[in-house]
Amino acid sequence: MAIGKQFKHILVAVDDSNLGQMALVNGIHQAKEDNAKLTIISIFEKEQLNVFDFFSKERSSAAEEDVQRALERYREMAIENGVSDVDTRIAEGEPGEVIVKDVIPAVKPDMVVIGSHSQQGTEKYFGSQSSYVANNAPVTVMIVR
């Protein structure tokens, strides 16, 4: 039997959906298993704010600060679970495209972990972001369900 690939740097895309959290758990597990660096990213989707929050600098900043606080919690969770090298990042824009075109070239992971769908407003859009990442990323992609 062939030996599975050992990863050196894992990028996990996290949001507050159940599958986003499962992506985090799987990313932490894989990073610990491979003794890999873990970068946790959340994409701040400013266009998803309601019109009042979008045009309010204070509300927009507060929403971005919420994402930063969540990232710090995720970082602490990874460290508590045995991952020693953990970085966090926040990016803005359309998640799949930002991950593939901006984040992967900047971070240089050899694996991306992402949930199979995300929450957008009150509707779930299945697979559009994870499918984009899987079809366009130059590295291994784990899609979590």
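What counts and how
- Residues numbered from 1 in each chain as written.
- Predicted model: local features only at pLDDT ≥ 70, side-chain atom pairs only at ≥ 80, totals over all residues.
- Heavy atoms only, no water.
- UniProt positions renumbered as here; feature names shortened; annotations may be inferred.
- Helix = DSSP H or I, 4+ residues; strand = E, 2+ residues; numbered from the N terminus.
- Buried < 20%, exposed > 50% of the residue type's maximum accessible area, 1.4 Å probe, protein only.
- Axes fitted to C-alpha atoms, helices over the stretch in contact; angles between N-to-C directions.
- Parallel < 35°, antiparallel > 145°, perpendicular 65-115°, else oblique.
- Left-handed = near helix turned anticlockwise from the far one by under 90°.
- Contact = heavy atoms within 4.5 Å.
- Expected span 1.5 Å × (residues − 1).
- Core = buried A, V, L, I, M, F, W, Y, C linked by side-chain atoms within 4.5 Å.
- Salt bridge = Lys/Arg side-chain N within 4 Å of Asp/Glu carboxyl O.

Under an unreviewed UniProt entry, the name given to the protein chain is Universal stress protein, and the source organism is Weissella thailandensis. As stated in UniProt under Sequence similarities (unreviewed entry), the record for the protein chain gives "Belongs to the universal stress protein A family."

(A) Main features of unusual backbone geometry. For Asn35, which is not glycine, the phi dihedral falls at a positive 55 degrees. Topologically, Asn35 is positioned in the loop between α1 (18-34) and β2 (37-44). Judged by its relative accessible area of 66%, Asn35 is exposed. Positive phi outside glycine occurs at Lys108, with the angle close to 60 degrees. Mapped onto the elements of the fold, Lys108 is located in the loop between α4 (95-107) and β4 (111-115). Taking relative accessible area as the criterion, Lys108 reaches 62% and is therefore assigned exposed.

(B) Highlighting the packing of α4 against helix α5 (residues 128-136). Contact pair α4 / α5: the axes reach a minimum separation of 7 Å and the direction vectors enclose 25 degrees. Classed by the angle they form, the pair α4 and α5 counts as roughly parallel. Crossing geometry of α4 relative to α5 is assigned as right-handed. Across the interface between the two elements, Pro95, Gly96, Glu97, Ile99, Val100 and Lys101 of α4 pack against Gln129, Tyr132, Val133 and Asn136 of α5.

(C) Seen up close, α1. For α1, which comprises 17 residues, the first-to-last C-alpha distance of 24 Å matches the rise-based estimate of 24 Å (1.5 Å per residue) to within 8%. Leu19, Gly20, Ala23, Leu24, Gly27, Ile28, Gln30, Ala31 and Asp34 are the residues of α1 that are buried. Asn35 sits one or two residues past α1 and shows a positive phi near 55 degrees.

(D) Quick peek at the nonpolar core. If you look at the biggest cluster of nonpolar residues, it comprises 22 residues, and the most contacted ones within it are Ile10, Val12, Leu38 and Ile40. Per-element accounting of this core gives the leading share, five residues, to helix α3 (residues 57-80). For Leu38, the contacting residues outside a window of four places in its chain are Ile10, Val12, Gly27, Ile28, Ala31, Ala78, Val83, Asp85, Val86 and Asp87. By size, the runner-up hydrophobic cluster in this structure holds 15 residues, among which are Leu11, Val98, Val103 and Ala137.

(E) Region of interest: the pattern of salt bridges. Inspection of the entire model under this criterion finds four salt bridges. Asp87 is the partner of Arg89 in a salt bridge, and the nearest nitrogen-oxygen pair spans 3.6 Å. On the basis of relative accessibility, which here comes to 26%, the residue Asp87 falls in the partly exposed class. Lys101 serves as the salt-bridge partner of Glu97, at 3.6 Å between the closest nitrogen and oxygen. On the criterion of helical spacing, the pair formed by Glu97 and Lys101 is a turn pair, its members being four residues apart in helix α4.

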